[in-house]
Amino acid sequence: MKKLLFPFLLFLTTFCFQPLLAQQPNAEYIGAKAKLGKYKAAYTLTTNDDKHIIHLLKNMQNALSDPRLKGKLKLELIVYSEGYKIYEKTGPYEAQLKQLLDMGVILTQCENSIIARKIDKKTLFPFISYVPSAQGEIIIRGADKWVIIQP
(Lines give C-alpha, C1' and ligand atoms only; values in the text may rest on other atoms or scores of the structure.)
Protein backbone atom coordinates (compact mmCIF):
# COMPACT_ATOMS: atom_id res chain seq x y z
CA MET A 1 0.00 0.00 0.00
CA LYS A 2 2.84 2.38 0.90
CA LYS A 3 4.42 1.71 -2.49
CA LEU A 4 1.29 2.99 -4.23
CA LEU A 5 0.79 6.03 -2.01
CA PHE A 6 3.95 7.91 -3.05
CA PRO A 7 3.34 7.67 -6.82
CA PHE A 8 -0.28 8.68 -6.27
CA LEU A 9 0.70 11.76 -4.25
CA LEU A 10 3.35 12.63 -6.81
CA PHE A 11 0.75 12.40 -9.55
CA LEU A 12 -1.67 14.65 -7.62
CA THR A 13 0.87 17.34 -6.89
CA THR A 14 2.38 17.30 -10.38
CA PHE A 15 -0.67 17.10 -12.60
CA CYS A 16 -3.67 18.18 -10.53
CA PHE A 17 -2.58 20.85 -8.08
CA GLN A 18 0.34 22.35 -9.97
CA PRO A 19 -1.76 24.07 -12.65
CA LEU A 20 -3.94 25.58 -9.94
CA LEU A 21 -0.97 26.82 -7.97
CA ALA A 22 0.76 28.17 -11.05
CA GLN A 23 -2.16 30.33 -12.15
CA GLN A 24 -1.68 34.02 -11.54
CA PRO A 25 -4.52 36.53 -11.50
CA ASN A 26 -4.98 38.14 -14.87
CA ALA A 27 -4.68 41.87 -14.24
CA GLU A 28 -6.19 42.63 -17.64
CA TYR A 29 -9.47 40.78 -17.06
CA ILE A 30 -12.27 43.34 -16.90
CA GLY A 31 -15.16 40.95 -16.32
CA ALA A 32 -17.97 39.73 -18.49
CA LYS A 33 -18.70 41.55 -21.73
CA ALA A 34 -22.09 43.18 -22.13
CA LYS A 35 -23.04 41.63 -25.46
CA LEU A 36 -26.75 42.43 -25.34
CA GLY A 37 -28.26 45.73 -26.32
CA LYS A 38 -30.47 45.89 -23.21
CA TYR A 39 -30.36 44.61 -19.65
CA LYS A 40 -33.17 44.73 -17.08
CA ALA A 41 -32.98 44.15 -13.34
CA ALA A 42 -35.43 44.54 -10.47
CA TYR A 43 -34.12 45.06 -6.96
CA THR A 44 -36.41 44.12 -4.07
CA LEU A 45 -36.58 45.71 -0.63
CA THR A 46 -38.52 44.26 2.29
CA THR A 47 -36.77 45.75 5.32
CA ASN A 48 -36.52 49.13 7.02
CA ASP A 49 -32.95 48.49 8.20
CA ASP A 50 -30.88 51.57 7.33
CA LYS A 51 -27.67 49.61 6.67
CA HIS A 52 -29.52 47.33 4.26
CA ILE A 53 -31.17 50.27 2.49
CA ILE A 54 -27.87 52.14 2.11
CA HIS A 55 -26.25 48.97 0.74
CA LEU A 56 -29.10 48.45 -1.73
CA LEU A 57 -28.95 52.05 -2.99
CA LYS A 58 -25.18 51.77 -3.42
CA ASN A 59 -25.58 48.52 -5.35
CA MET A 60 -28.04 50.17 -7.70
CA GLN A 61 -25.71 53.14 -8.23
CA ASN A 62 -22.82 50.74 -8.90
CA ALA A 63 -24.84 48.90 -11.55
CA LEU A 64 -25.89 52.15 -13.20
CA SER A 65 -22.32 53.45 -13.27
CA ASP A 66 -20.75 50.25 -14.66
CA PRO A 67 -19.23 51.37 -17.98
CA ARG A 68 -20.17 48.05 -19.61
CA LEU A 69 -23.86 48.77 -18.97
CA LYS A 70 -23.95 52.49 -19.81
CA GLY A 71 -27.08 53.20 -21.84
CA LYS A 72 -28.13 49.53 -21.74
CA LEU A 73 -29.59 49.13 -18.25
CA LYS A 74 -33.16 49.52 -16.99
CA LEU A 75 -33.74 49.15 -13.24
CA GLU A 76 -36.75 48.93 -10.98
CA LEU A 77 -36.89 49.09 -7.20
CA ILE A 78 -39.79 46.97 -5.92
CA VAL A 79 -40.58 47.82 -2.30
CA TYR A 80 -42.89 45.83 -0.05
CA SER A 81 -43.38 44.70 3.53
CA GLU A 82 -41.43 46.96 5.92
CA GLY A 83 -39.40 48.40 3.05
CA TYR A 84 -41.97 51.18 2.58
CA LYS A 85 -39.93 53.28 5.04
CA ILE A 86 -37.49 54.09 2.22
CA TYR A 87 -40.31 56.09 0.58
CA GLU A 88 -41.44 58.01 3.69
CA LYS A 89 -41.21 61.78 3.32
CA THR A 90 -39.73 62.01 6.82
CA GLY A 91 -36.89 59.62 5.93
CA PRO A 92 -33.36 60.44 4.75
CA TYR A 93 -33.50 58.94 1.25
CA GLU A 94 -35.24 61.55 -0.90
CA ALA A 95 -32.10 62.88 -2.64
CA GLN A 96 -30.82 59.38 -3.48
CA LEU A 97 -34.22 58.26 -4.74
CA LYS A 98 -34.62 61.35 -6.92
CA GLN A 99 -31.17 60.74 -8.36
CA LEU A 100 -32.17 57.16 -9.24
CA LEU A 101 -35.44 58.44 -10.70
CA ASP A 102 -33.51 60.94 -12.84
CA MET A 103 -31.40 58.02 -14.11
CA GLY A 104 -34.57 56.25 -15.29
CA VAL A 105 -35.08 53.87 -12.38
CA ILE A 106 -38.70 52.84 -11.78
CA LEU A 107 -39.57 53.24 -8.09
CA THR A 108 -42.53 51.07 -7.09
CA GLN A 109 -44.39 50.39 -3.86
CA CYS A 110 -46.65 47.42 -3.19
CA GLU A 111 -50.18 48.62 -2.42
CA ASN A 112 -50.96 45.44 -0.47
CA SER A 113 -48.17 46.31 1.97
CA ILE A 114 -49.36 49.84 2.67
CA ILE A 115 -52.99 48.75 2.97
CA ALA A 116 -52.06 46.01 5.44
CA ARG A 117 -50.06 48.52 7.50
CA LYS A 118 -52.64 51.30 7.16
CA ILE A 119 -50.06 53.66 5.65
CA ASP A 120 -51.45 56.88 4.15
CA LYS A 121 -50.02 57.46 0.66
CA LYS A 122 -49.70 61.15 1.57
CA THR A 123 -46.84 60.22 3.92
CA LEU A 124 -44.87 58.73 1.01
CA PHE A 125 -43.03 60.56 -1.74
CA PRO A 126 -45.31 61.70 -4.58
CA PHE A 127 -42.83 60.59 -7.25
CA ILE A 128 -43.15 56.83 -6.59
CA SER A 129 -45.42 54.44 -8.47
CA TYR A 130 -47.71 51.79 -7.02
CA VAL A 131 -48.25 48.20 -8.05
CA PRO A 132 -51.16 46.06 -6.81
CA SER A 133 -48.78 43.45 -5.37
CA ALA A 134 -45.01 43.17 -5.19
CA GLN A 135 -45.25 39.44 -5.76
CA GLY A 136 -47.19 40.00 -8.97
CA GLU A 137 -44.64 42.59 -10.12
CA ILE A 138 -41.74 40.22 -9.40
CA ILE A 139 -43.46 37.36 -11.24
CA ILE A 140 -44.24 39.52 -14.27
CA ARG A 141 -40.74 41.03 -14.39
CA GLY A 142 -39.15 37.60 -14.03
CA ALA A 143 -41.29 36.21 -16.86
CA ASP A 144 -40.23 39.21 -18.96
CA LYS A 145 -36.59 38.16 -18.39
CA TRP A 146 -35.71 40.78 -15.80
CA VAL A 147 -33.01 39.70 -13.36
CA ILE A 148 -34.47 39.75 -9.83
CA ILE A 149 -31.95 40.90 -7.23
CA GLN A 150 -32.53 40.50 -3.50
CA PRO A 151 -29.56 42.23 -1.87
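That block above? That's the structure.
Residues numbered from 1 in each chain as written. Predicted model: local features only at pLDDT ≥ 70, side-chain atom pairs only at ≥ 80, totals over all residues. Heavy atoms only, no water.

## Brief notes about the environment of Tyr-80
Move 1: Relative to the elements of secondary structure, Tyr-80 occurs in the loop between β2 (73-79) and α3 (94-102).
Move 2: The exposure class of Tyr-80 is buried, given its relative accessible area of 16%.
Move 3: Distance in space between the C-alpha atoms of Tyr-80 and Ala-134 is 6.2 Å, their sequence separation being 54 residues. (Helix = DSSP H or I, 4+ residues; strand = E, 2+ residues; numbered from the N terminus. Buried < 20%, exposed > 50% of the residue type's maximum accessible area, 1.4 Å probe, protein only.)

## Some remarks on unusual backbone geometry
Move 1: Located in the positive-phi region is Lys-118, a residue other than glycine, with phi close to 55°.
Move 2: Tracing the backbone shows Lys-118 in the loop between α4 (111-116) and β4 (129-131).

## Topic: the pairing of strand β1 (residues 39-45)
Move 1: Across the seven residues of β1, five count as buried, placing the element largely inside the fold.
Move 2: Once the chain exits β1 it traverses helix α2 (residues 50-65) before rejoining the sheet at β2, and the crossover so formed is right-handed.
Move 3: For β1 and strand β5 (residues 147-149), the ladder comprises three bridges, and the chain directions are parallel. When the sheet's bridge partners are listed, Tyr-43 is paired in β5 with Ile-149. (Right-handed = clockwise from strand over helix to strand, strands pointing away. Pairing = 2+ DSSP bridges.)

## A look at the packing of aromatic side chains
Move 1: One pass over the full model with this rule turns up one aromatic pair.
Move 2: Taking 4.9 Å as the distance between ring centres and 15° as the angle between the ring planes, the aromatic pair formed by Phe-125 and Phe-127 counts as stacked. Here the two residues Phe-125 and Phe-127 agree in accessibility, since each one is buried.
Move 3: One cation-aromatic arrangement involves Lys-121 over Tyr-130; the distance from NZ or CZ to the ring centre is 4.1 Å. (Phe/Tyr/Trp six-rings, centres within 6.5 Å; stacked < 30°, edge-to-face > 60°. Lys NZ or Arg CZ within 6 Å of the ring centre and 35° of its normal.)

## Some thoughts on the side chain of Gln-109
Move 1: Inspection of the secondary structure puts Gln-109 in strand β3 (residues 106-110).
Move 2: Gln-109 has contacts with Val-79, Tyr-80, Tyr-84, Tyr-87, Ile-114, Leu-124, Ile-128, Ser-129, Tyr-130 and Val-131, leaving out every residue within four places of it along the chain. (Contact = heavy atoms within 4.5 Å.)

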